[in-house]
Amino acid sequence: MELQALRTFLAVVDEGGVQAASKALHTVQSNVTSRIKRLEQELGTELFYRRGRGLALSPSGKELVKHARQLLQLENTASMAVRQVGEQTGELRIGTMETFASFRLPGALKQLRQQHPGVQFRIESETSAALLERLLAHKIDCAFVGGAVDHPELLATQVLTEELVLVHGKGVHTEEPALILFREGCVYRERALIWQRQSGFAGGRVMELGTLDGIIGCVSIGLGSTLMPRWVVEQSRYRDELLVEPIEPQLARVPTLMVRHRMGAALTALETLERAVAAQARAA
């Protein structure tokens, strides 16, 4: 079973069809179709049901998706590990919450680059829930997420604990504050909604914004309140325009975890990154 055939198969699955997969793979549609047919012949089963111009995964195809992602992740991990032994090169795909990317990650990446100058970084920001989905799909090598993680395929190491605080704009008072939050899947959003219910504001207004700077900026001018790590507020350019209030400890304390696959190799670069983040948190 060729890895290129598995890449093609997953491209059809992820892109939703042969035409989109051919564009993603920078090849012609006939190449995609022939690779899928050869893979089906090799496995002796249909991977897709043809429905008009569309494709739907067969039960065999659904089973192959999981194994194909694991095999390609192993190939990526092995290639990177071998390169690290010699030239210290390769690509490290890092997923992160936006709050972590804004203030915690840069210092750790600086240290990582000093020790592994040949490693290239690919960083993407998403909610914790979305990052875990991408990690399980082998689309990233590690993820920095908030809250507990319990999955048999994943290894989670706590690197720091954030203290959530209630954040208002100075001089702004409302009896029932609107909450300005990240989109669904963010652990800080979940804690904020629990706080809202426990504070007697169940059903209160919620506004969603996609960026950390946007949320804190809108809070600073009185459009609402938010729950955010104290350290993030202290580092924000809006800090002089903000007031913070402590909340109940059981809601305030949120662990940040570095998560990776259990079955992956223990890459030196990942271990360096984990130590750098933990050291930075202790020094803060």
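Just so it is clear, the structure is predicted and the values come from calculations on it, not from any experiment.

Moving on, we come to the environment of serine 34. With respect to the secondary-structure elements, serine 34 resides in helix H3 (residues 29-43). The spatial distance from the C-alpha of serine 34 to the C-alpha of glycine 16 is 17 Å, given a sequence separation of 18 residues.

This part is about the environment of serine 102. By secondary structure assignment, the location of serine 102 is in helix H5 (residues 98-103). Taking the C-alpha atoms as reference, serine 102 lies 12 Å from arginine 237; in sequence the two are 135 residues apart.

Moving on, we come to helix H8 (residues 187-198). Along its twelve residues, H8 runs 17 Å from first to last C-alpha, staying within 8% of the 16 Å computed at 1.5 Å per residue. All buried positions along H8 are accounted for by Val187, Tyr188, Arg189, Arg191, Ala192, Trp195 and Gln196. After H8 finishes, the residue glycine 200 shows a positive phi value of roughly 85°.

Tracing the chain through its elements places glutamate 124 in strand E4 (residues 118-125). In contact with glutamate 124, other than residues within four places in its own chain, are Ile94, Gly95, Thr96, Leu131, Arg134 and Ile140.

Soluble globular proteins tend to bury their nonpolar side chains together. Membership of the largest hydrophobic core comes to 47 residues, with the highest contact counts inside it found for Phe144, Trp195, Met228, Ile247, Leu273 and Val277. Looking at this core element by element, the count peaks at six residues for strand E6 (residues 154-169). Contact partners of methionine 228, with chain neighbours within four places excluded, come to Thr99, Glu163, Leu164, Val165, Val167, Phe182, Leu212, Ile215, Ile216 and Val233. Grouped together as the second largest cluster of nonpolar side chains are 16 residues, Ala11, Ala21, Val32 and Leu39 included.

What follows concerns the packing of aromatic side chains. Within a pair of aromatic rings, the relevant descriptors are the distance that separates the centres and the angle that separates the planes. One pass over the full model with this rule turns up three aromatic pairs. Arranged with centres 5.6 Å apart and planes meeting at 55°, the rings of phenylalanine 9 and phenylalanine 48 form a pair that is tilted. One end of the pair, phenylalanine 9, is in helix H1 (residues 3-15); the other, phenylalanine 48, is in strand E1 (residues 48-51), and 39 residues separate them in sequence. Each of the two residues, phenylalanine 9 as well as phenylalanine 48, counts as buried. Considering the side-chain rings of phenylalanine 103 and tryptophan 231, the 6.3 Å spacing of their centres and the 85° angle between planes classify their relative orientation as edge-to-face. Taken together, the residues span a long stretch of sequence, with phenylalanine 103 in helix H5 and tryptophan 231 in helix H10 (residues 230-235) at a distance of 128 residues. The aromatic ring of tryptophan 231 is capped on one face by arginine 104, whose charged end is 3.8 Å from the ring centroid.

The calculated volume of the largest pocket comes to roughly 510 Å³. Forming the walls of the largest pocket are 19 residues, and the residues nearest its centre are Arg7, Leu10, Leu72, Arg93 and His138. Within the residue set of the lining of the largest pocket, elements represented by two or more residues are H1, helix H2 (18-25), helix H4 (59-86) and strand E3 (89-96).

Summed over all chains, the structure comprises eleven salt bridges. A salt bridge links arginine 134 to glutamate 124; the nearest nitrogen and oxygen atoms lie 2.4 Å apart. Taken together, the residues arginine 134 in helix H7 (residues 128-136) and glutamate 124 in strand E4 connect sequence positions ten residues apart. Among the charged side chains, a salt-bridge network with shared partners connects Asp14, Arg69 and Lys139.

Definitions and cut-offs
Residues numbered from 1 in each chain as written. Predicted model: local features only at pLDDT ≥ 70, side-chain atom pairs only at ≥ 80, totals over all residues. Heavy atoms only, no water. Helix = DSSP H or I, 4+ residues; strand = E, 2+ residues; numbered from the N terminus. Expected span 1.5 Å × (residues − 1). Buried < 20%, exposed > 50% of the residue type's maximum accessible area, 1.4 Å probe, protein only. Contact = heavy atoms within 4.5 Å. Core = buried A, V, L, I, M, F, W, Y, C linked by side-chain atoms within 4.5 Å. Phe/Tyr/Trp six-rings, centres within 6.5 Å; stacked < 30°, edge-to-face > 60°. Lys NZ or Arg CZ within 6 Å of the ring centre and 35° of its normal. 1 Å grid on protein atoms, 1.4 Å probe; cavity = no way out; pocket = protein on both sides within 12 Å on 5 of 7 lines; lining within 4 Å. Points joined across faces, edges and corners; volume = space filled by probe spheres on them. Salt bridge = Lys/Arg side-chain N within 4 Å of Asp/Glu carboxyl O.

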